[in-house]
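# Structural characterization, general
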Amino acid sequence: MNGKIKLGLIGTGHMGQYHVNVAVGLANEYEIAGIYDASAARRAEIADRFSVKGFEDIDALIDASEAVVVAVPTAHHYEVAKKALEKGRHVLVEKPMTTSAEQARELVGLAESRGLILQVGHVERFNGAVLELRRVVDKPLLIESRRLAPNSGRILDVGVVMDLLIHDLDITMNLVGEEVKFVDARGVARTGKHEDVATAVLQFEGGCVATITASRLTQAKVRTLTITQESAYIILDFSTQDIDIHRQATSAYLMTREELKYRQESFVEKIFVHKDNPLRQEHIHFVKCVRGQTTPIVDGQSDIRTIEIASRILEQIHSSW
Ligand SMILES: NC(=O)c1ccc[n+]([C@@H]2O[C@H](COP(=O)([O-])OP(=O)(O)OC[C@H]3O[C@@H](n4cnc5c(N)ncnc54)[C@H](O)[C@@H]3O)[C@@H](O)[C@H]2O)c1
């Protein structure tokens, strides 16, 4: 597909508005067919703010588009993405693709059989620091991630596993690239029936252990990933897109008559990361995929595996309640 891609955006809430903003900015790539939101008030507000056409009917918008962004609540991803794929449209669907691996398999199968792009919005994959990680990570032994945030009260249809933990699960599984052989997880629900806090321990076939923690009830925003491998200790901060690598750590006890001191030294390498808006990078990648210039970084099969493990994490959490 050459020329501008006619893009429709479905679901223009908190995340959807950022998609509209980025898509409008990519004026050489997209011609905005319009937007649709189930809320007429939201539809009118976003259509007005970005000077795009607000459709009153989702089918009419899909018919007028060549590709669509699906940023409706997670519980509705499946039905909306399926409708668009069945109409022969490429789809960029927000994460997680669906709430079950079975639904994800169906969508991936549908896209493959029709030769359509189905990309999942794992936006952190386009974070400059995460892209850089692939160059420095080599046989990790231990991966520890923390994604903690205050209560936004917004996402009510799924718990913190499908809302936040899925980001780090996707990154971790992609970095290690091996089958997960063991999963243990615990969680706490406070605001409703879904877990608000969760910790999962995974072990991969080759032995690497990962602990992934997510919370939407923490009085601060923390987004870090650390990796221990034999030659280095890597610290990534998602918010600042910074990477520090500690190497050649040495430690010694120094004893004098008066005191005992502990000294620890290591070389710290600060990696310069090209910082761009990850959502913009995600869209540029989507455009290239639709044009047949590349294939999705987050391919359907890897996303199915991520959802399978997320489902196992949820089973573990629920079985311990
Ligand atoms: N990639 C990220 O970092 C990130 C961040 C936040 C949210 N998300 C994802 O984006 C999705 C939306 O989350 P949000 O925070 O924007 O939620 P939100 O509630 O703010 O927005 C959802 C919007 O969809 C509309 N809607 C509901 N059902 C619809 C339907 N069937 N058809 C059309 N519109 C419909 C609602 O009226 C609302 O405006 C979720 O899947 C979430 O996981 C991703």
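Treat the numbers as computed from the prediction; the structure is a model and nothing was measured. (Residues numbered from 1 in each chain as written. Predicted model: local features only at pLDDT ≥ 70, side-chain atom pairs only at ≥ 80, totals over all residues. Heavy atoms only, no water.)

### Here we look at helix α2 (residues 40–50)
All buried positions along α2 are accounted for by Arg-42, Arg-43, Ile-46, Ala-47 and Phe-50. The buried residues of α2 occupy an angular sector of 125 degrees when the element is viewed end-on, so they sit on one face. Among the exposed residues of α2, those pointing more than 90 degrees away from its buried face are Ala-41 and Asp-48. The inward-facing, buried residues of α2 contact α1 (14–25) and β2 (30–36). (Buried < 20%, exposed > 50% of the residue type's maximum accessible area, 1.4 Å probe, protein only. Helix = DSSP H or I, 4+ residues; strand = E, 2+ residues; numbered from the N terminus. Arc of directions from axis to C-beta. Contact = heavy atoms within 4.5 Å.)

### What about the domain arrangement of the chain?
One frequent convention defines the size of an interface as the accessible area lost when the parts assemble. With domains assigned, the chain is organised as domain 1 (5–121) and domain 2 (125–276 + 308–319). On a C-alpha basis, the centroid separation for the pair domain 1 and domain 2 is 30 Å. Buried surface at the junction of domain 1 and domain 2, both sides included, amounts to about 790 Å², of which 59% is carbon and sulfur. The largest contributions to the domain 1 side of the interface with domain 2 come from His-14, Lys-95 and Pro-96, which together make up 46% of the buried area. Here domain 1 is connected to domain 2 by two salt bridges. (Domains from an automatic or database assignment. Buried area = accessible area lost by both parts, 1.4 Å probe. Salt bridge = Lys/Arg side-chain N within 4 Å of Asp/Glu carboxyl O.)

### With respect to the sheet that holds strand β4 (residues 90–94)
Pairing within the open sheet is parallel, and its five strands lie in the order β2-β1-β3-β4-β5. Pairing within the sheet leaves two strands with one partner each, and these edge strands are β2 and β5 (118–121). Averaged over all adjacent pairs, the angle separating strand axes in this sheet is 20 degrees, with direction ignored. Across four bridges, β4 lies against β5 in parallel orientation. (Pairing = 2+ DSSP bridges. Axes fitted to C-alpha atoms, helices over the stretch in contact; angles between N-to-C directions.)

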